[in-house]
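Overview (structure and organization)
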There are 2 protein chains.
Amino acid sequence: MNKQAGTVSPATAASASVSLTAWDEGQMQPRFDTVAKEEPLQIRVGSGGRLIDVAVTMRTPGNDFELAAGFLYSEGLIRSREQIDLISYCVDAAIDSEQRYNIVTLQLRGQLATSLERLERHFAIGSACGVCGKAQLEDLQARGIARIENESCISADVLRSLPERLQDQQRVFAMTGGLHASALFGMSGALEAIREDVGRHNATDKLIGWGLLSEWLPFGEKVLVVSGRSSFEIVQKAAAAGVPIVCSVSAPSSLAIEVAQTFNITLIGFLRGSRFNVYSGAARIV
Amino acid sequence: MNKQAGTVSPATAASASVSLTAWDEGQMQPRFDTVAKEEPLQIRVGSGGRLIDVAVTMRTPGNDFELAAGFLYSEGLIRSREQIDLISYCVDAAIDSEQRYNIVTLQLRGQLATSLERLERHFAIGSACGVCGKAQLEDLQARGIARIENESCISADVLRSLPERLQDQQRVFAMTGGLHASALFGMSGALEAIREDVGRHNATDKLIGWGLLSEWLPFGEKVLVVSGRSSFEIVQKAAAAGVPIVCSVSAPSSLAIEVAQTFNITLIGFLRGSRFNVYSGAARIV
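Residues numbered from 1 in each chain as written. Chains lettered and ligands numbered in written order. Predicted model: local features only at pLDDT ≥ 70, side-chain atom pairs only at ≥ 80, totals over all residues. Heavy atoms only, no water.

1. Concerning the overall build of chain A
On a plain count of helices and strands, chain A comes out with 9 helices and 13 strands. Every one of the 286 residues in chain A was classed for burial, and the buried ones make up 62%. Taken as a whole, chain A presents about 10,700 Å² of accessible surface, with 48% of it coming from carbon and sulfur. (Helix = DSSP H or I, 4+ residues; strand = E, 2+ residues; numbered from the N terminus. Buried < 20%, exposed > 50% of the residue type's maximum accessible area, 1.4 Å probe, protein only. Areas by Shrake-Rupley, 256 points an atom, 1.4 Å probe, with all protein chains shown as cover.)

Structure follows, in structure tokens:
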């Protein structure tokens, strides 16, 4: 896979400076502060001579190639790094420069791993069948996502240390207070990678895209920690990336727990202070 | 508009009971707890003899008709309650009962307010033009969303009381710790309505759908309070619903601020304790 020269670092930044009025104890004063940037990213796939726009996501600029690659991987549209021939920002000179950095094209070597029909069903046009959590689980299994057999263990002490380690590393969050993070840790608590975004799903896709592009997938013997809650989509992405342990500082949803149980993922919630809850796969904790 | 008899109260609930292992100070014990339910909802529109599946959203069951109506309204696909002839859950006997409550159809009297092409562009297939925040703002203006001229004022003391009032009313959150809320208050701090969901966007669409169906739109002289952050989509929905003041307990994004400034919405962030930040429209606060 080649990265197109000159297009790797976009002109856009992850944060922006704004002026505001701060109210404090009845006093108001003008101030400047930093907020997280939010811009649309259009993910486009080139396959078999066609260009297909598969999704538009509201994201924080940065690690856009990872986001696009991770999204396509975790949604099952590509299955390996080898399928990607080229990742580039829009190179159409007729499009103004700011917009160019909001369109990422993944040129594939071969065909999509799925049909265009399935892709349309996924992102826009649902079909009558399969509109329930159980059907979504079956869909993941039909995509070939396997039950995670890795039985590596992690100590409860290491687990309890992870939220603080995550927060220490959230650089843009520290400036803006407005970003979610998704981070990968080793079983001894060492940070492997962290990605931030206004959306938890995007932060996780960036992390998975990093793994795909740097050939670290599957994430066996690793722990995924996300800020906020664990939703169906977060645990689905973890299953696709082969992560055996998923932690969040807040609550899981019912369907997140079902996905975790189905794919033998250890799912931990309310990881705060000295306590946490284990909703699935407690055997991996010692 | 008629609500189809017998389909108003779905069999599904907003929360579910799960068994888990709680770790606390080195002790582990089995426990039961309540988690927020998460299930897909497919929103289908019947218009001019056709049925069009416009979106699938992961949501917490409950207020599904409001969610569907609010989504279509805040995305600009319908413009008034009068356009809705009937809202119903799926009535296809071939679909099993659980799934039936995950498909809501809005039968329209006339045509969609937008073309099918625009709808496809919105939810799946982006076009090359308009993939930047500025273009998204222009798109909102092109939809006919007007600058909010309502200049009603609110006291800083009332504002500071809203997060606590919101939390007092979050019933499912209190049980699960896993739900976002979106609430509408009057200028004197009286709660008008609150909706909860695993997704902030869904909670806000439920609230707007309630307003549409009960003919309370536009939400002039009201304050919208959302848990979590203010994103582009939240402020966009507020603009569509005509809310002059939007508050969140956390940070806004850059694009949320731009939407607020464009539509003359007072945007307040970090509303916690005795302080808050005003990013737009400070003149409404006294």
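2. Points about the sheet that holds strand β2 (residues 15-24) of chain A
If you trace the 8 strands from one edge of the open sheet to the other, you get β3(A)-β2(A)-β13(B)-β12(B)-β11(B)-β10(B)-β8(B)-β9(B), paired in mixed fashion. Edge strands, defined here as strands with exactly one partner in the open sheet, are β3 (27-36) of chain A together with β9 (191-197) of chain B. Across the sheet, the axes of successive neighbouring strands diverge by a mean angle of 25°, strand direction being ignored. Of the pairings in the sheet, the one linking strand β8 (residues 180-186) of chain B to β9 of chain B comprises 6 bridges and is antiparallel in character. By the bridge assignment for β9 of chain B, Ala183 of chain B is matched with Ile194 of chain B. (Pairing = 2+ DSSP bridges. Axes fitted to C-alpha atoms, helices over the stretch in contact; angles between N-to-C directions.)

3. Details of the relation of the copies chain B and chain A
Of the transformation placing chain B onto chain A, the axial shift is 0.0 Å and the rotation is 180°, giving an RMSD of 0.0 Å. The superposition of one copy onto the other is thereby described by a two-fold rotation axis. Comparing interface residues between copies, 100% of those in chain B also sit at the interface in chain A, which points to an isologous, same-surface contact. (Least-squares fit on C-alpha atoms with pLDDT ≥ 70 in both. Contact = heavy atoms within 4.5 Å.)

4. Comments concerning the interface of chain B and chain A
Counting residues at the interface gives 70 residues for chain B and 70 residues for chain A. Carbon and sulfur atoms supply 53% of the area that chain B and chain A bury against each other, a total of about 5,300 Å² over both sides. Summed over the three residues of chain B that lose the most area to chain A, namely Trp23, Glu38 and Val131 of chain B, the buried surface amounts to 14% of that side. Applying the counting criterion to the chain B and chain A interface returns 0 salt bridges. Here the side of chain B that touches chain A takes 8 residues from strand β2 (residues 15-24) of chain B, the largest share from any one element. (Buried area = accessible area lost by both parts, 1.4 Å probe. Salt bridge = Lys/Arg side-chain N within 4 Å of Asp/Glu carboxyl O.)

5. A few points about the sheet that holds strand β3 (residues 27-36) of chain B
Strand-to-strand pairing in sheets goes through backbone hydrogen bonds, with the strands running parallel or antiparallel. One open sheet accounts for 8 strands, arranged β9(A)-β8(A)-β10(A)-β11(A)-β12(A)-β13(A)-β2(B)-β3(B); its pairing is mixed. Each of the sheet's edge strands pairs with one partner strand only, and the pair in question is β9 (191-197) of chain A together with β3 of chain B. Looking at each pair of strands side by side, their axes are set apart by 25° on average, direction ignored. Packing against the sheet, helix α7 (residues 200-213) of chain A makes contact with β8 (180-186), β9 and β10 (222-226) of chain A, and its axis sits at approximately 140° to β9 of chain A.

6. Comments concerning the domain arrangement of chain A
Residue and element names in this part refer to chain A. We note that the domain assignment places domain 1 (15-132) and domain 2 (156-284) within chain A. The gap between the C-alpha centroids of domain 1 and domain 2 is 21 Å. Contact with domain 1, which involves 28 residues of that partner, is made by 23 residues of domain 2. Summing the contributions of domain 1 and of domain 2, the shared interface buries around 1,900 Å²; its carbon and sulfur component is 59%. It is Glu66, Tyr73 and Arg81 that lose the most area in domain 1 upon contact with domain 2, and together they represent 30% of the buried surface on that side. Scanning the region where domain 1 abuts domain 2 turns up 3 salt bridges. Residue Lys237 pairs with Glu75 through a salt bridge whose shortest N-O separation is 3.5 Å. In this structure, the connection of domain 1 to domain 2 is made through 12 residue pairs in polar contact (both at pLDDT 80 or more). Residue assignment for the side of domain 1 that touches domain 2 shows that the elements contributing at least two residues are β3, β5 (50-59), α1 (64-74) and β6 (84-89). Residue contributions to the side of domain 1 that touches domain 2 peak at 8 residues, all from α1. Considered class by class, the residues forming the side of domain 1 that touches domain 2 number 11 nonpolar, 9 polar and 8 charged. (Domains from an automatic or database assignment. Polar contact = N/O pair within 3.5 Å; in protein donor to acceptor, adjacent residues only side chain to side chain. Nonpolar A, V, L, I, M, F, W, Y, C, P; charged D, E, K, R; others polar.)

7. Some thoughts on the side chain of Thr204 of chain B
Residues and elements named next belong to chain B. Inspection of the secondary structure puts Thr204 in helix α7 (residues 200-213). Taking relative accessible area as the criterion, Thr204 reaches 0% and is therefore assigned buried. At 3.0 Å, the side chain of Thr204 forms a polar contact with the side chain of Ser182. Leave out the neighbours within four places in its chain, and Thr204 touches Ser182, Leu224, Val226, Ile234 and Lys237.

8. Notes on the packing of helix α4 (residues 133-142) of chain B against helix α9 (residues 254-262) of chain B
Residue and element names in this part refer to chain B. Close contact between α4 and α9 brings their axes to 11 Å; oriented N to C, the two are set at 35°. Read as a crossing pair, α4 and α9 show a hand that is right-handed. Facing α4, whose interface residues are Gly133, Gln136, Leu137, Leu140 and Gln141, α9 presents Leu255, Glu258, Val259 and Thr262. Of the residues contributing to the contact of α4 with α9, the split by class is 4 nonpolar, 4 polar and 1 charged. (Left-handed = near helix turned anticlockwise from the far one by under 90°.)

9. Thoughts on the pattern of salt bridges
Within this structure, the stated rule accounts for 28 salt bridges over all chains. Salt bridges sharing partners connect three or more residues here, namely Glu75, Asp205 and Lys237 of chain A.

10. Digging into the pairing of β10 of chain A
All names here are of chain A. Buried residues dominate β10, accounting for 5 of its 5 residues. With burial as the criterion, each face of β10 is covered, one bearing Lys222, Leu224 and Val226 and the other bearing Val223 and Val225. Examined bridge by bridge, β10 and strand β11 (residues 245-248) share 4 bridges and lie parallel to one another. If you follow Val226 over to β11, its bridge partner there is Ser248. The parallel pair β10 and β11 is bridged by helix α8 (residues 232-241), and the resulting crossover is right-handed. (Right-handed = clockwise from strand over helix to strand, strands pointing away.)

11. What to know about helix α4 (residues 133-142) of chain A
Along α4 of chain A, the residues classified as buried are Gly133, Ala135, Gln136, Leu137, Asp139 and Leu140 of chain A. Taken from the residues just after α4 of chain A, Gly144 of chain A is the one with a positive phi, measuring 95°.

12. Describing the environment of Asn277 of chain A
Residue placement: Asn277 of chain A occurs in strand β13 (residues 275-280). Overall, Asn277 of chain A belongs to the buried group, its relative accessible area being 2%. Separated by 39 residues in the primary sequence, Asn277 of chain A and Ala238 of chain A have C-alpha atoms spaced 18 Å apart. Those residues in contact with Asn277 of chain A, other than ones at most four positions away along the chain, are Leu267, Ile268, Gly269 and Phe270 of chain A together with Leu20, Thr21, Ala22, Arg31 and Asp33 of chain B.

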